[in-house]
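Below are the chains, spelled out letter by letter.
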Amino acid sequence: MPADAHVLRRLPSGIQQACLTFDDGPDPEYTPRVLDILAAAGARATFYVVGMAAVRHAPLVRRMLKEGHEVANHTWGHLHPWRIRACTAREEVASVTRALEEITGQRPRYFRPPFGRLRRCMLEAAQEMDQQVVLWSLSGKDWGPFGRAAAIARRIARTRAGEIILLHDARWRYNRPWAMLEVLPGFLARLTER
């Protein structure tokens, strides 16, 4: 069986919802704004948190859970999976799991590798911790030169039932959460109508 055989890239067929996900937080400036927008829209999301940011901003992680969101594993330091030793890669998965257990009292159910780059040792580590590996089917590309509000809006407007949408709630390297925040309220309003 291929190493990525159990990787979820879309929601199972027949589901008439889309799954909104945010990577790389929590961020003290942008994550609260995302949470406020989601609350106003009555929407829930999955936050793939970076362990060192989660420890630094533990109250935000607890707020995510309190408001009904899912908190998931996005490794400890967001290192590129292909550029680190296997033992380091495994520890990147395990350490954020331990940190989230300490912060929230529960183990994360989902894992997303940084940059969406699959590596067998990380997949195995996630599986050992009963975490489903989840990628995405639609990226808002809210980073780099493509991360302008109008372009993000066009990309996420293509959302269909079953999509797993990738956005970012932190200014991590090239992310542009301020641009994503410009379009998120309108996107959620249109999605609710559909």
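Structure: above.
In this report, the structure presented in the accompanying data block is examined. Source: prediction; values computed, not measured.

Moving on, we get to the nonpolar core. In terms of nonpolar packing, the biggest core is built from 33 residues, with Leu20, Phe22, Leu38, Phe47 and Leu184 touching the most fellow members. Elements that contribute at least two residues to this core include exactly β2 (19-23), α1 (31-41), β3 (46-49), α3 (58-66), α4 (86-104), α6 (149-156), β8 (164-168) and α7 (177-193). For this core, the element with the highest residue contribution is α7, accounting for seven residues. Look past the residues within four positions of Phe22 in its chain and what remains in contact with it is Val34, Leu38, Ala45, Thr46, Phe47, Tyr48, Leu167, His168, Asp169, Met180 and Leu184. Ala89, Ala94, Cys121 and Met129 belong to the second largest nonpolar core, which has 14 residues in total.

On the surface, Trp143, Phe146 and Tyr174 cluster together into a nonpolar patch covering about 370 Å² of accessible area. Along the chain, Phe146 falls in the loop between β7 (138-139) and α6.

For the pair α3 and α4, interaxial distance at closest approach is 10 Å and the crossing angle is 75°. One element, α3, and the other, α4, form an angle in the roughly perpendicular class. Residue-level inspection shows Ala58, Val61, Arg62 and Leu65 of α3 in contact with α4, the latter providing Leu100, Ile103 and Thr104.

Further remarks concern helix α5 (residues 120-128). Every buried residue belonging to α5 is among Cys121, Met122, Leu123, Ala125 and Ala126, and all of these are buried. Directly beyond the C-terminal end of α5, a positive phi value near 60° is found at Asp130.

Right, let's talk about the pattern of salt bridges for a bit. Inspection of the entire model under this criterion finds nine salt bridges. Residue Arg10 pairs with Glu163 through a salt bridge whose shortest N-O separation is 3.2 Å. Linking Arg10 in the loop between β1 (7-8) and β2 with Glu163 in the loop between α6 and β8, this pair joins segments that are 153 residues apart in sequence. For Glu163, a relative accessible area of 9% corresponds to the buried category. If you follow the salt bridges from partner to partner, you end up with Asp36, Arg63 and Glu67 in one network.

On to the packing of aromatic side chains, then. Scanning the model with the defined rule gives three aromatic pairs in all. Centroid distance Phe22 to Phe47: 5.3 Å. Interplanar angle 20°. Geometry classified as stacked. Remark: Phe47 occurs in strand β3 and Phe22 occurs in strand β2; sequence separation between them is 25 residues. Considered together, Phe22 and Phe47 belong to a single accessibility category, that of buried residues. In this arrangement the basic side chain of Arg112 is found over the ring face of Tyr48, its NZ or CZ atom lying 4.1 Å from the centre.

Reading guide: rules and limits
- Residues numbered from 1 in each chain as written.
- Predicted model: local features only at pLDDT ≥ 70, side-chain atom pairs only at ≥ 80, totals over all residues.
- Heavy atoms only, no water.
- Core = buried A, V, L, I, M, F, W, Y, C linked by side-chain atoms within 4.5 Å.
- Buried < 20%, exposed > 50% of the residue type's maximum accessible area, 1.4 Å probe, protein only.
- Helix = DSSP H or I, 4+ residues; strand = E, 2+ residues; numbered from the N terminus.
- Contact = heavy atoms within 4.5 Å.
- Patch = residues over 30% accessible without salt bridge, like charges linked within 9 Å, V, L, I, M, F, W, Y side chains within 5 Å.
- Areas by Shrake-Rupley, 256 points an atom, 1.4 Å probe, with all protein chains shown as cover.
- Salt bridge = Lys/Arg side-chain N within 4 Å of Asp/Glu carboxyl O.
- Axes fitted to C-alpha atoms, helices over the stretch in contact; angles between N-to-C directions.
- Parallel < 35°, antiparallel > 145°, perpendicular 65-115°, else oblique.
- Phe/Tyr/Trp six-rings, centres within 6.5 Å; stacked < 30°, edge-to-face > 60°.
- Lys NZ or Arg CZ within 6 Å of the ring centre and 35° of its normal.

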